[in-house]
Amino acid sequence: MIPRTAATFSPPVMEARRWLSGVHFDADRPLINVSQAAPVDPPPQAMRQAMADVALNNDDAHLYGPVLGLPELRDELAAQVSAHYAGAVEPAQAAITSGCNQAFAAAIATLCAEGDEVILPVPWYFNHKMWLDMSGVAAVPLAVGDALLPDPDHAASLITDRTRAIALVTPNNPGGVEYPEELVQAFFDLARARGIALIVDETYRDFDSRSGPPHRLFQDPDWHDTLIHLYSFSKAYRLTGHRVGAIVASEDRLTEVEKFLDTVAICPGQIGQHAALWGMQNLDSWLAGERREILARRQAIADNMHQLDAKGWKLLGLGGYFAYMSHPFEESSALLAPRLVRDAAVLTLPGTMFHPTEDPTGARHLRIAFANLDVAGIDVLFDRLTQV
């Protein structure tokens, strides 16, 4: 037997940062870091002032709070999820977590025993795979084609008597693709028919390019018998360091979630929760501007892609915070990515970090997290990649 943490790999972003050791970057050619999907700017000034006011004037904000989160934030989240998806969510079906990763961990803890299975489309979000490894749960890879869209029929063939859930991320990390409404519905119908859960992680939903509800699962009056929905406030309101996420599920499941959260963190950070609440109530216009900016950067990726197309690169997915590409080089992306640090002053993640070790597909792929580059920075990025 081995310790739980020894059952999985090292954190990929931390591994990538080690590639910077000993590498010098000239002032006129600074590092372009497209490795991590996180805003690099702090929250807007008005939100920071609101957080400061809470810290100075709300004594309760420095104490333990409710395990499932501030009631006011749960109320607001339920109302906004209901409005966003034109569905019906009650406050008792919404809970706050210390980031979206913890929401996923809590969901798995309510679903799985050791030896159970969860189906993950590949390329997968590596933190999901890491948590399953450390939980003694088998991550069953669901291969996708060049369109990066998983096939429900293929997923159905992978379901066994140990399968407890299918986990989807849309807009996808790492692929960037936005899953069509009909595809999400097909996975929901499959999960319900087979008596398993469908976990839908929509961390990047605020930057979806589509208008209207991205799916209609919450319009089903019995959505809670199958759906576990995950969300993060980190990207929308630049609250990454405050670790505020959410889980929407049945009341019975949240009763089980509460056990997990109480033993791990007792409660989410209070000041971050107050910030999320303030943001949801006051920053609609600001967030719309953030979405427009991300969509402009996404368009800049598409507009520049012809430069790499001519050199044998291929854009496989684009959306949310990500561009997912295949490269034309003979070497594996596991070697190419560190070389790009040295040769191009670009830090990105190889596709091998998003695939099973026995799957050769990831050796052809790179993930570009473009959200911390402006349009001019994206132009520079492409200029450097074309010179490799």
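Starting from 1, residues in each chain are numbered consecutively following that chain's sequence as written. Predicted model: local features are reported for residues with pLDDT of at least 70 only, side-chain atom pairs are reported and counted for 80 or more only, and whole-chain, interface and lining totals are derived from all residues. To obtain the side-chain values, all non-hydrogen atoms of the structure were used and water was disregarded.

1. Some details on the packing of aromatic side chains
Only Phe, Tyr and Trp rings are paired, with Trp represented by its six-membered ring, and only when their centres lie within 6.5 Å; those with planes under 30 degrees apart are stacked, over 60 edge-to-face, the remainder tilted. The final tally for this structure, using the stated rule, is 11 aromatic pairs. The interplanar angle of 80° and the centroid separation of 5.2 Å between the aromatic rings of tyrosine 204 and phenylalanine 322 together place this pair among those described as edge-to-face. In this pair, tyrosine 204 sits in the loop between strand 6 (197-201) and strand 7 (227-232) while phenylalanine 322 sits in strand 10 (residues 322-326), placing the two residues 118 residues apart along the sequence. Classification of residues uses two cut-offs on accessible area relative to the type maximum, computed with a 1.4 Å probe and protein chains only: under 20% is buried, over 50% is exposed, and between them is partly exposed. Exposure remark for tyrosine 204: the relative accessible area of 4% places this residue in the buried category. Helix and strand definitions follow DSSP, with helices as H or I runs of at least four residues and strands as E runs of at least two, each counted in order from the N terminus.

2. Overview of the sheet that holds strand 13 (residues 365-369)
Read from one edge of the open sheet, 4 strands run 9-10-13-12, paired in antiparallel fashion. Looking at which strands have only one partner, the edges of the open sheet turn out to be strand 9 (314-319) and strand 12 (349-350). For two strands to pair, DSSP has to find at least two bridges joining them. The sheet contact formed by strand 10 and strand 13 spans 5 bridges and is antiparallel. Residue pairing across strands places serine 326 opposite histidine 365, the latter belonging to strand 13. The contact rule is simple, with two residues in contact once any of their heavy atoms fall within 4.5 Å. Note on definitions: angles span 0 to 180 degrees between N-to-C directions of axes, and those axes are lines fitted to C-alpha atoms, for helices only across the stretch in contact. Across the sheet, helix 11 (residues 284-309) lies against strand 9 and strand 10, angled at about 175° from strand 9, the strand it touches most. The strands that helix 12 (residues 333-344) touches are strand 12 and strand 13; relative to strand 13, the one it contacts most, it runs at about 40°.

3. A word on the packing of helix 2 (residues 45-57) against helix 10 (residues 270-282)
Closest axis-to-axis distance for the helix 2/helix 10 pair is 9 Å, and the angle between their directions is 135°. With respect to helix 10, the axis of helix 2 lies oblique. For the element pair helix 2 and helix 10, the recorded crossing hand is right-handed. Here helix 2 contributes Ala46, Met47, Ala50, Met51, Val54 and Ala55 to the contact with helix 10, which in turn contributes Ile271, His274, Ala275, Trp278 and Gly279. By definition in this entry, angles of less than 35 degrees are roughly parallel, angles greater than 145 are roughly antiparallel, angles of 65 to 115 are roughly perpendicular, and the rest are oblique. When the near helix sits turned anticlockwise from the far one by under a right angle, the crossing is termed left-handed; a clockwise turn instead gives a right-handed crossing.

4. Some remarks on the pattern of salt bridges
By convention in these notes, a salt bridge is any Lys or Arg side-chain nitrogen within 4 Å of a carboxyl oxygen on Asp or Glu. Summed over the entire model, instances satisfying the criterion amount to 17 salt bridges. Note that glutamate 178 is salt-bridged to arginine 210, the shortest N-O span being 3.6 Å. Placement of the pair is glutamate 178 in the loop between strand 5 (163-169) and helix 7 (181-194) and arginine 210 in the loop between strand 6 and strand 7, with a sequence separation of 32 residues. The exposure class assigned to glutamate 178 is buried, which follows from its relative accessible area of 15%. A salt bridge links arginine 339 to glutamate 331, with the shortest nitrogen-to-oxygen separation between them at 2.5 Å. It is possible to trace a salt-bridge network through shared partners that takes in Glu178, Asp208, Arg210 and Arg298.

5. Comments concerning the nonpolar core
Leu77, Ile166, Leu198, Phe233 and Tyr237 are the most contacted members of the largest nonpolar core, which totals 92 residues. Bear in mind that the domain bounds are from an automatic or database domain assignment. Both domains that furnish three or more residues to this core are identified here as domain 1 (2-40 + 283-385) and domain 2 (43-282). Look past the residues within four positions of isoleucine 166 in its chain and what remains in contact with it is Ile119, Ala155, Phe187, Leu190, Ile196, Ala197, Leu198 and Ile199. For this analysis, a nonpolar core means a set of buried residues of the types Ala, Val, Leu, Ile, Met, Phe, Trp, Tyr and Cys, connected via side-chain atoms within 4.5 Å.

6. Some thoughts on the domain arrangement of the protein
Its domain assignment divides the protein into domain 1 (2-40 + 283-385) and domain 2 (43-282). The centre of domain 1, based on its C-alpha atoms, is set 24 Å off from the matching centre of domain 2. With 37 residues of domain 1 at the contact, the number on the domain 2 side is 42 residues. Both sides of the domain 1 and domain 2 interface together cover about 3,300 Å² of buried area, and 64% of this is carbon and sulfur. Buried area is calculated as the accessible area (1.4 Å probe) missing from two parts once they are joined, with the contributions of both summed. Taken as a group, Arg4, Leu283 and Phe354 account for 21% of the area that domain 1 buries against domain 2, more than any other trio of residues on that side. Scanning the region where domain 1 abuts domain 2 turns up 4 salt bridges. When the shortest N-O distance is used, the salt bridge between aspartate 146 and lysine 314 registers 3.4 Å. Elements represented by at least two residues in the side of domain 1 that touches domain 2 include exactly helix 1 (12-18), helix 11, strand 9 and strand 10.

7. Some details on helix 10
For helix 10, spanning 13 residues, the distance from its first C-alpha to its last is 18 Å, which sits close to the expected 18 Å at 1.5 Å a residue. Every buried residue of helix 10 is listed here: Gln270, Gly272, Gln273, His274, Ala275, Ala276, Leu277, Gly279 and Met280. Its buried side turned inward, helix 10 meets helix 2, helix 3 (71-85), strand 2 (94-97), helix 8 (234-237) and helix 11. What a helix should span is 1.5 Å times the count of its residues minus one.

8. Focus: helix 13 (residues 375-386)
Here helix 13 contains 12 residues, and its C-alpha end-to-end distance of 17 Å stays within 8% of the 16 Å for a straight helix at 1.5 Å per residue. Burial in helix 13 covers these residues: Gly377, Ile378, Leu381, Phe382, Arg384, Leu385 and Thr386. Looking at the packing, one finds that the buried side of helix 13 touches strand 1 (32-33), helix 11, strand 10, helix 12, strand 11 (346-347) and strand 13.

9. Concerning the pairing of strand 3 (residues 117-122)
Of all 6 residues in strand 3, 6 are buried; the element is thus mostly enclosed. Where strand 3 and strand 4 (residues 138-143) come together, 6 bridges link them in parallel fashion. By the bridge assignment, proline 121 is partnered in strand 4 with leucine 142. Running through helix 5 (residues 126-134), the crossover from strand 3 to the neighbouring parallel element strand 4 is right-handed. Inspection of the sheet shows strand 3 paired to strand 5 by 3 bridges, in the parallel sense. In the strand pairing of strand 5, isoleucine 119 is matched with isoleucine 166. Note on handedness: a clockwise path from strand one over the helix to strand two, with the strands aimed away from the viewer, defines a right-handed crossover.

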